[in-house]
Amino acid sequence: MKWVYIEDIAKYVGEKVELRGWVYNKRSSGRVRFLLIRDGTGILQCTIFSPEKEHPLFDKFEELTQESSLIVRGKVKEDKRAPGGYELEVEDIEIIHIAKDYPITPKPHGVSFLMDHRHLWLRSVRQHAILQIRAEVIRAIRDFFDGRGFRLMDTPILTPSACEGTTTLFETKYFDEKAYLSQSGQLYNEATAMAFGKVYCFGPTFRAEKSKTRRHLLEFWMVEPEVAFATLNDIIELAEDLVVYIVSRVLDKRKKELETLNRDTKPLEKIAKPFPRITYKDAIKILKEKGFKIEFGDDFGAPEETILSNSFEKPVCVTRYPLKVKAFYMQPDPENPDLALCVDMLAPEGYGEIIGGGQRIHDYDLLLQKIKEHNLPIENYQWYLDLRKYGSVPHAGFGLGIERTVAWICKIDHIRETIPFPRMLYRMYP
Ligand code: 4AD
Ligand code: MG
């Protein structure tokens, strides 16, 4: 008998097939026994019917517990009453393993308990839906960049120097030297962009963030494009195109999962180009009007981002922050050298920053000066300075955080559910 997956079940109506999976739930009604089987791709109702009171499969049914693993064989039927519209008329059950006292029962559990059991929590319908959407977001991102001629260039995780400031570095030993876990692939991306024109890197990044918020992970995944000869405007357009592409792909391919999450898709359907653009100065004005005590020169925290993000229906691009709240590599605005040619994209519905990027300094002397001003060890940045010595060109790029993007698209409260095994302040288990 053919082993098939539940997501393909519609193709096998009237045929006898084999499913391999786990018991999600079970119930009885008169002479019928219902088994809800999950196989990783979906959940299917499997029914055992007997005109007699006794039936050998009824005994097996009794033995099965939540999350026991099994193989079931039977005939696929279309049935409007079944959840999903299909069911399997069971002819045979092969028990693989009986699960004893599965800790996550259908009753509600506290978050801390669920986080301690994250390795099992992943099997629940809601977590499954979120992580399917995450996988779709990642697939969309790869298709987007590959389809536009960007080259995937993997950047190192172990690095000798900081990209995004020295306060959030994870330090580790590198034999007799010190190394830091990468905060961003950007600096290396700038080198590969000079070799390949347009590139992207996509990998885990690490920040020893001491803040315990709904938006921060210590280990998160970031996709970072970098384009030689691009300006700030070019990469804002690229960022808009990317976000539109991701959202429309999820709307197209992951309807069922969005439904499972009760995600109202109307706000997502509005995500089209162009996105509103405001400057940092405009943002300060909006915040002041809303009663915030904020002055020009202050950076935005989560509350400020939430307010700004709630002020627009689409993601908003905030440009030209003061240089002093941004990283050392930011190109100054020729019209006001205290401002950076940078952009943060804030997702709507209160979600805040999903993208950070901008134009990089391409002048050798200016970059050297900034490295010194930021007290960074020049010897570790010599290679980076070299890029400004041999055919330096204006260039720009950005980073999009996967987990923040998934949290927004799924409209979930906390970033911890957007990655299989979140790394957070005071939590590294499981
Ligand atoms: O704004 P950030 O710090 O920008 C950079 O790292 C640049 N070097 C990227 C570049 O230009 N190539 O981070 C970019 C994005 C943020 O907008 C956010 O989505 C995500 O990375 N991010 C985090 N996500 C989860 N947890 C954290 N602690 C994050 N820090 C940043
Ligand atoms: Mg940022």
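Given the structure is predicted, the values throughout are model-derived calculations rather than measurements.

So, how was this worked out
- Residues numbered from 1 in each chain as written.
- Chains lettered and ligands numbered in written order.
- Predicted model: local features only at pLDDT ≥ 70, side-chain atom pairs only at ≥ 80, totals over all residues.
- Heavy atoms only, no water.
- Disulfide = S-S within 2.5 Å.
- Buried < 20%, exposed > 50% of the residue type's maximum accessible area, 1.4 Å probe, protein only.
- Helix = DSSP H or I, 4+ residues; strand = E, 2+ residues; numbered from the N terminus.
- Domains from an automatic or database assignment.
- Contact = heavy atoms within 4.5 Å.
- Buried area = accessible area lost by both parts, 1.4 Å probe.
- Salt bridge = Lys/Arg side-chain N within 4 Å of Asp/Glu carboxyl O.
- Near = heavy atom within 4 Å.
- Polar contact = N/O pair within 3.5 Å; in protein donor to acceptor, adjacent residues only side chain to side chain.
- Areas by Shrake-Rupley, 256 points an atom, 1.4 Å probe, with all protein chains shown as cover.
- Nonpolar A, V, L, I, M, F, W, Y, C, P; charged D, E, K, R; others polar.
- Phe/Tyr/Trp six-rings, centres within 6.5 Å; stacked < 30°, edge-to-face > 60°.
- Lys NZ or Arg CZ within 6 Å of the ring centre and 35° of its normal.

Bringing the state of the cysteines into the picture now. A complete count under the given rule lists zero disulfides for this structure. We note that C201 lacks a disulfide partner, and the nearest cysteine sulfur, in C163, lies 9.6 Å from it. There is no disulfide at C317, and the cysteine sulfur nearest it, in C342, is 11 Å away.

Another point: helix 13 (residues 402-410). The buried fraction of helix 13 is high, at eight of nine residues. Following helix 13 by one or two positions, K411 adopts a phi angle in the positive range, close to 55°.

We note that the domain assignment places domain 1 (2-97) and domain 2 (118-418) within the chain. Each side of the interface is counted separately: domain 1 has six residues, and domain 2 has five residues. Area buried by domain 1 at its contact with domain 2 is led by Y24, R38 and G40, which between them contribute 58% of it. Taken together, the links from domain 1 to domain 2 amount to one salt bridge.

Before going further, it helps to spend a moment on the site of ligand 1. Near ligand 1 there are 24 residues, and of these E164, Q186, R207, E224 and E353 occur at the shortest range. Between ligand 1 and E224 there is a distance of 2.7 Å, counted from a nitrogen atom to a side-chain nitrogen or oxygen. A distance of 3.3 Å separates an oxygen atom of ligand 1 from a polar atom in the backbone of I355. For ligand 1, whose unbound accessible area comes to 630 Å², protein coverage reaches 94%. Elements represented by at least two residues in the shell around ligand 1 include exactly strand 12 (219-228), strand 18 (352-360) and strand 19 (395-401). With six residues, strand 18 is the single largest residue contributor to the shell around ligand 1. A breakdown of the residues in the shell around ligand 1 according to their chemical character gives eight nonpolar, eight polar and eight charged.

Turning our eyes to something else, we now look at the packing of aromatic side chains. Per the counting criterion, the structure on display carries 16 aromatic pairs. An angle of 85° between the planes, with centres 5.0 Å apart, marks the rings of F144 and F145 as edge-to-face. Across this residue pair, the class does not change: F144 and F145 are buried. Seen from their ring centres, Y188 and W383 are 4.6 Å apart, and the 15° between their planes marks the pair as stacked. Within this pair, whereas Y188 is found in helix 5 (residues 186-196), its partner W383 is found in helix 12 (residues 382-386), the two being separated by 195 residues in sequence. If you follow R20 out to its NZ or CZ, it ends over the ring of W3, 3.9 Å from the centre. Sitting above the plane of the F34 ring, R27 keeps its charged end 4.1 Å from the centroid.

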